[in-house]
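Next come the chains, spelled out residue by residue.
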There are 4 protein chains.
Amino acid sequence: MIVILKSNPNPEQLSSLIEWLQSKGIIIHTSVGASRTILGLVGDTSALDMDLIAALDIVEDVKRVQEPYKNANRKFHPQDTVVSVGSTRVGGGSLTIMAGPCSVESEEQVVTIARAVKASGATMLRGGSFKPRTSPYSFQGLGERGLAYLKVARQETGLPIVSEMMDLSQLPLFADVDVIQVGARNMQNFDLLKALGRQGKPVMIKRGMSATYEEWLMSAEYVMAGGNPNVILCERGIRTFETYTRNTLDLAAIPVLRKLTHLPIIVDPSHATGKNWLVEPLAMGAVAVGCDGVQIEVHNDPAHALCDGPQSLRPEVFDQVAKKMLALHAFTRRQES
Amino acid sequence: MIVILKSNPNPEQLSSLIEWLQSKGIIIHTSVGASRTILGLVGDTSALDMDLIAALDIVEDVKRVQEPYKNANRKFHPQDTVVSVGSTRVGGGSLTIMAGPCSVESEEQVVTIARAVKASGATMLRGGSFKPRTSPYSFQGLGERGLAYLKVARQETGLPIVSEMMDLSQLPLFADVDVIQVGARNMQNFDLLKALGRQGKPVMIKRGMSATYEEWLMSAEYVMAGGNPNVILCERGIRTFETYTRNTLDLAAIPVLRKLTHLPIIVDPSHATGKNWLVEPLAMGAVAVGCDGVQIEVHNDPAHALCDGPQSLRPEVFDQVAKKMLALHAFTRRQES
Amino acid sequence: MIVILKSNPNPEQLSSLIEWLQSKGIIIHTSVGASRTILGLVGDTSALDMDLIAALDIVEDVKRVQEPYKNANRKFHPQDTVVSVGSTRVGGGSLTIMAGPCSVESEEQVVTIARAVKASGATMLRGGSFKPRTSPYSFQGLGERGLAYLKVARQETGLPIVSEMMDLSQLPLFADVDVIQVGARNMQNFDLLKALGRQGKPVMIKRGMSATYEEWLMSAEYVMAGGNPNVILCERGIRTFETYTRNTLDLAAIPVLRKLTHLPIIVDPSHATGKNWLVEPLAMGAVAVGCDGVQIEVHNDPAHALCDGPQSLRPEVFDQVAKKMLALHAFTRRQES
Amino acid sequence: MIVILKSNPNPEQLSSLIEWLQSKGIIIHTSVGASRTILGLVGDTSALDMDLIAALDIVEDVKRVQEPYKNANRKFHPQDTVVSVGSTRVGGGSLTIMAGPCSVESEEQVVTIARAVKASGATMLRGGSFKPRTSPYSFQGLGERGLAYLKVARQETGLPIVSEMMDLSQLPLFADVDVIQVGARNMQNFDLLKALGRQGKPVMIKRGMSATYEEWLMSAEYVMAGGNPNVILCERGIRTFETYTRNTLDLAAIPVLRKLTHLPIIVDPSHATGKNWLVEPLAMGAVAVGCDGVQIEVHNDPAHALCDGPQSLRPEVFDQVAKKMLALHAFTRRQES
């Protein structure tokens, strides 16, 4: 961390700052310029509150040199994290394919889709039971009943299930869900993240709609700081001025996160674009860029889906997309080797 | 609502759509153009799920004509809502001044500040006990103990208290708090909003960091749809590319919301800018534009505040700002009359 | 176009509006609802000024149904445009690879790089002579001299050249440049676009930093409306809140533009990310999603480049990337067939 | 400027960097930490190309401590700049009111409006002759003829005139215009800025639609570096996700620029909001926050304006707004004294 002092800092306040920093085990390198003095802080600065220091009268600016996250940081954990989910593994070179309906609507629906996506190569079943909807008048999901249907589908197909938890009070209901999803709107619901850090189930954190990589990784850090290392990140598009697509899918997130963190990275082209004809090209792009997996919405009757229909693929279309993704994944792995 | 059909829509699907709409009590006006047919839907369309309709094969686009919120809509509720809080009232021509520390740190601190801000003209005491912090390693607030100190300060000064609730599990702790604040990161925590709609205490909803007016009003609608009409809106800046200020305060929100809704509008220049020397000019701007009140951070020792120090005013500075705001408010009211 | 009238419109103003629209050859369908009347305008509405209509006292809102661009619109021109540049062609299934230095620095530099990139598979040489730099104190490009060096490199290698024109006064200097590039900051320099529409050389328009697809296509429309059909679009990232990368590359632009327009689409991963280690993964992503080509910065000594060094590849790295892109392009074409 | 080196930098490259910096007159303070070495550069770093340094293999990151602008920087020019325009002055405590039509349509129109706004207290006449329009099919302005009408209106009223120049080729036409306006889309048209720096007329630079304060000040720096100190800044809103208003007016720009620069600051609430009923409240806000002036669109027949009608005020409404602004300005000045 670098602290830039104002010109002619009060000497008493300066020595009080220096003492306080030293009491935290920080070593200080002072660089006196013509018009300004700069303090270089060396040591574990991730626990220092930048805002506190910036608040001091004698300080003009504070700049970070180190990332504020530790558990999620590849520098301190060079090996890729591979998250085990049932008999499958997320990360480590394989391609995870999470597929299923946006909303669970009935047992029959979810079992039918689960069978279809498994046959096409999906490795996990996704389905929403608690739905964050902008309007209180829109369908809010089947809740506990939807989770029960997902479990039936898991029993029928063997696919592990991933579903979104919206509030920490729902934690007991998710005891038997394989991956707990944190939605984009909850990426900074810190109480929820803390609760998920106190248990051991894999947690998949979707990127917030206007979140930076660092903010996203700080949310992962919240879960990991609580003791749960099983975190998966999911890029699902960020808000931009473009309204033709629902959000703008940021595929640069894949190689950037690969460098900054050891956690696996999933891409969701369905929510990112909001249009089903954009799912295939962007899924192919995500695989070519090097993601660990994709999450795709599949519905046997998109036009009658209870939510988010326009972005769902029919099972027969998904079958094509899954086969092309797997072929591309194999091709890119041959290129690398 | 207007439904734009694709060219040559399948007649069967079209009549099925028309029947379904009519079953919802919607009257349909059809306008057949050279290349396109447009359906004008007349009736209560706020409960129709736009996405569902847009998902149909025969539909090219759907556009709203009416706002998707009802309880918060001025069209259906022309009179200004005035929210009673203890012996004070928010809205209705007076200027509410909420002041106090970002974080409650001790009983002495909050009582001292409460007395000072009351003497300067504040009508409500604000103070955070549950703090949403980006880093798990930053101070997270005193929690329940902080609420207790706020109540002591209320007893000492008579000022009603406003404090942020972060999770619905905290609801019992807020039974004796006068206004429950929903933070920007929780603006779309729908479970929290629903819980706040099922109780009657005033709720102040801060605008989400990248939220539109409509999304913000839909969050108010969540609370109101549950039966609680006591909603206050608080503009606290939105995220833009400008990083010199923490966020960009959007003062146009005041007259726009005045037109769209009947709910009172508070402005928070402290969080919006993140710099204490910007609080006064923007507070004056907010009053001149016509807000119902402001929320300002005041700390007796900003440089040692446990959080957000750089944006806090010292009590003696706040005293000046409060007096100038009240004089400006009186001046603008004379201008109007 | 749909015109939503206010309740109880002044009948005289309404009939004056209707007459004016009819005088423009527009057919009007009126849909009278309980609280609102809606006019559906049928005919060529692209020449109608939406703002003019929205300004009328009796009008509440105006919504477009048709796109405001014609020449660039795939609806009116279903076949893909293929732009001939020297002996190469942009669009139509091949993969264009534009490579070269951000800034032309010397004849030797540009000839050396041109030879290298040609050997690796590049089909066009890119190089900047007029450089838009944020600071007046930064290197502004070699100007006319740089163009001369590019032409030498073309003579040596046969590669057509593409270079950025910053002001219409430079048009005579570009008489012998193969593709004239319009930079992101000039995407809405309408006088420049008009000038480029009055000549016939291919024009490559980079997307503005915060431009929507529609605004970008309107800039293409400016050139095409002047009579020049040879327009190429280049996605180079948009500004978002993420600052780790210089901009956020929007690969969804490829399939979206493929649907909206018939013009070829190039992707520039170098400027989009600003980091050379991100060029390869995003170039692969762009090819997998289906672009018509890429533009990549190559420099024989990136650390001493006069501008934008951090995003340049060394020729030997570019060689690998080019080979992998071409192999991936061949693979994806086999998948399609 | 601070240069953060990678761990174990190549010693040869490091000493080559240090020599190069010293050759530019920079003094270097080295701070060696456990894992990283930091160079503090002291001296005139505004001419150093950050990108060049960041490109070096041994460099991990570069951070600025000083602003990259000099002529526009208040640190080097503490007194407020006051720009003389005809007999009026912009800056220095007075309130400049620029009013007039978005587009000049006829001599009669502009003379009528000029007389009206002068009577209401306007100090300058604004009017567009060259209009940047998103569509090539929209009205593009009267061009040279419009400038002639403005000059007639100036002769009739004595009001100096301000009008937008779109391309440097128009410079001779603006020889007799009092203030040359650079539009938001041209804020980074560097050739235009350089041309305006080589002449002496006052230049008013509108903020780019997604520009930061620093980028905006760098555009002022372009003009000033050429030798023209007569620069005025105009805040006209920035693009955000909110689409209800055309742009989001950033009133924090006023006090922030007041601190960063000595140049006068004008606010344009008409273009920022795009709605005439928002002009008054935001104009009042701008005055209360402390701007040097406002620019307001006035049209005698907004519903038939050739462009941007919805944001224009009728002269009788403008008369009210002008009187209220002047009264508020007088009130706030009394408060300050």
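Criteria and thresholds
Residues numbered from 1 in each chain as written. Chains lettered and ligands numbered in written order. Predicted model: local features only at pLDDT ≥ 70, side-chain atom pairs only at ≥ 80, totals over all residues. Heavy atoms only, no water. Contact = heavy atoms within 4.5 Å. Buried area = accessible area lost by both parts, 1.4 Å probe. Salt bridge = Lys/Arg side-chain N within 4 Å of Asp/Glu carboxyl O. Polar contact = N/O pair within 3.5 Å; in protein donor to acceptor, adjacent residues only side chain to side chain. Pairing = 2+ DSSP bridges. Helix = DSSP H or I, 4+ residues; strand = E, 2+ residues; numbered from the N terminus. Axes fitted to C-alpha atoms, helices over the stretch in contact; angles between N-to-C directions. Nonpolar A, V, L, I, M, F, W, Y, C, P; charged D, E, K, R; others polar. Least-squares fit on C-alpha atoms with pLDDT ≥ 70 in both. Buried < 20%, exposed > 50% of the residue type's maximum accessible area, 1.4 Å probe, protein only. pLDDT = per-residue confidence, 0-100. Parallel < 35°, antiparallel > 145°, perpendicular 65-115°, else oblique. Left-handed = near helix turned anticlockwise from the far one by under 90°. Expected span 1.5 Å × (residues − 1).

1. A closer look at the interface of chain D and chain A
Between chain D and chain A, the residue contacts involve 20 residues of the former and 19 residues of the latter. Summed over both sides, the interface between chain D and chain A buries roughly 1700 Å², with carbon and sulfur atoms accounting for 67% of that surface. Taken as a group, D:R36, D:V65 and D:F241 account for 29% of the area that chain D buries against chain A, more than any other trio of residues on that side. Summed over the shared surface of chain D and chain A, the number is two salt bridges. Between A:E60 and D:K75 there is a salt bridge; the shortest N-O distance is 3.8 Å. On the surface where chain D and chain A come into contact, there are zero residue pairs in polar contact (both at pLDDT 80 or more).

2. A word on the sheet that holds strand β7 (residues 96-100) of chain D
Residue and element names in this part refer to chain D. Taken together, the eight strands give a closed barrel; going around it, the order is β7-β8-β9-β10-β11-β12-β13-β14, and neighbouring strands pair in parallel fashion. Along the sheet, successive strands turn relative to each other by an average axial angle of 25°, direction set aside. Sheet topology places strand β11 (residues 203-206) next to strand β12 (residues 231-235); four bridges connect them, and they run parallel. From the neighbouring strand, M204 faces β12, where its bridge partner is I232. In the packing of helix α5 (residues 190-197) onto the sheet, the strands contacted are β10 (179-182) and β11, and the crossing angle to β10 comes to about 165°.

3. Examining the interface of chain D and chain C
On the side of chain C, 50 residues touch chain D, which itself brings 51 residues to the contact. Here chain D packs against chain C, burying approximately 4100 Å² in sum over the two surfaces, 50% of which is carbon and sulfur. Summed over the shared surface of chain D and chain C, the result is two salt bridges. Residue D:E215 pairs with C:R239 through a salt bridge whose shortest N-O separation is 2.3 Å. Linking chain D to chain C there are 19 residue pairs in polar contact (both at pLDDT 80 or more). Considering each element in turn, the side of chain D that touches chain C owes the most residues, five residues, to helix α6 (residues 213-225) of chain D. Within the side of chain D that touches chain C, the residues separate by chemical class into 23 nonpolar, 15 polar and 13 charged.

4. Here's the deal with the relation of the copies chain D and chain A
Of the two same-sequence chains, chain D is brought onto chain A (RMSD 0.1 Å, axial shift 0.0 Å) by a rotation of 180°. Viewed as a symmetry operation, the transformation between the two copies matches a two-fold axis. Considering only C-alpha atoms, the residue of chain D closest to the rotation axis is D:F241, which sits at 3.1 Å. Looking at the interface residues of chain D, 95% of them are also at the interface in chain A, so both copies use one shared face.

5. Brief notes about the pattern of salt bridges
All chains considered together, the criterion is met by 64 salt bridges over all chains. Note that C:D80 is salt-bridged to C:R74, the shortest N-O span being 2.6 Å. For C:D80, a relative accessible area of 40% puts it in the partly exposed group. Of the residues examined, C:R74 reaches a relative accessible area of 18% and is grouped as buried. Because the salt bridges share partners, they merge into one network encompassing A:R207, A:E235, A:D250 and C:E242.

6. A few points about the environment of C:A330
Residues and elements named next belong to chain C. Here A330 shows up in helix α10 (residues 315-336). For A330, a relative accessible area of 34% puts it in the partly exposed group. Separated by 236 residues in the primary sequence, A330 and S94 have C-alpha atoms spaced 9.5 Å apart.

7. Looking at the relation of the copies chain D and chain C
Overlay of chain D on chain C (RMSD 0.0 Å): rotation 180°, translation along the axis 0.0 Å. The residues that chain D uses at the interface reappear at the interface of chain C in 98% of cases, marking a shared surface.

8. Here we look at the confidence of the model for chain A
When pLDDT is averaged across chain A, the result is 91; 96% of the residues are at 70 or more. With a pTM of 0.92, the predicted complex shows an ipTM of 0.91.

9. What to know about the side chain of B:R239
Secondary-structure assignment places B:R239 in the loop between β12 (231-235) and α7 (253-260). The class for B:R239 is buried, based on a relative accessible area of 18%. Only 2.5 Å separates the side chain of B:R239 from the backbone oxygen of A:S210, close enough to count as a polar contact. Excluding residues within four positions of it along the chain, B:R239 makes contact with A:S210, A:A211, A:T212, A:E215, B:M209, B:N247 and C:F241.

10. Some words on the environment of B:S31
Along the chain, the position of B:S31 falls in strand β2 (residues 27-32). When its relative accessible area of 7% is taken as the criterion, B:S31 is described as buried. Sequence separation between B:S31 and B:I4 is 27 residues, and the spatial gap between their C-alpha atoms is 9.7 Å. In this view, B:S31 contacts B:R36, B:T37, B:I38 and C:H29; residues no more than four positions away in its chain are not counted.

11. Focus: the sheet that holds strand β3 (residues 37-42) of chain B
Residue and element names in this part refer to chain B. In spatial order, the strands read β2-β3-β1-β4; together these four strands make up an open sheet with antiparallel pairing. At either end of the open sheet lies a strand with only one pairing partner, and these are β2 and β4 (59-63). The average undirected angle you get between the axes of adjacent strands in this sheet is 20°. Sheet topology note: the β2/β3 ladder contains six bridges and is antiparallel. Bridge pairing links T30 to L39 in β3.

12. Some remarks on the packing of helix α6 (residues 213-225) of chain A against helix α7 (residues 253-260) of chain A
Residues and elements named next belong to chain A. Contact geometry of α6 with α7 gives a least axis separation of 12 Å together with a crossing angle of 55°. Taken together, α6 and α7 sit at an angle that is classed as oblique. In the packing of α6 onto α7, the handedness of the crossing is right-handed. When α6 is examined against α7, the residues Y213, W216 and L217 are found in contact with a partner set consisting of A253, V256, L257 and L260. Classifying every residue of the contact of α6 with α7 by side-chain character gives seven nonpolar, no polar and no charged.

13. Focus on helix α3 (residues 107-120) of chain A
All names here are of chain A. With 14 residues, α3 ought to run about 20 Å at 1.5 Å a step, and its terminal C-alpha atoms sit 20 Å apart, in line with that. Taken together, the buried positions of α3 are occupied by Q109, V110, V111, I113, A114, V117 and S120. Where α3 is buried, its residues meet β7 (96-100), β8 (124-126), α4 (144-157) and α10 (315-336). Backbone geometry just downstream of α3 places G121 in the positive-phi region, at approximately 115°.

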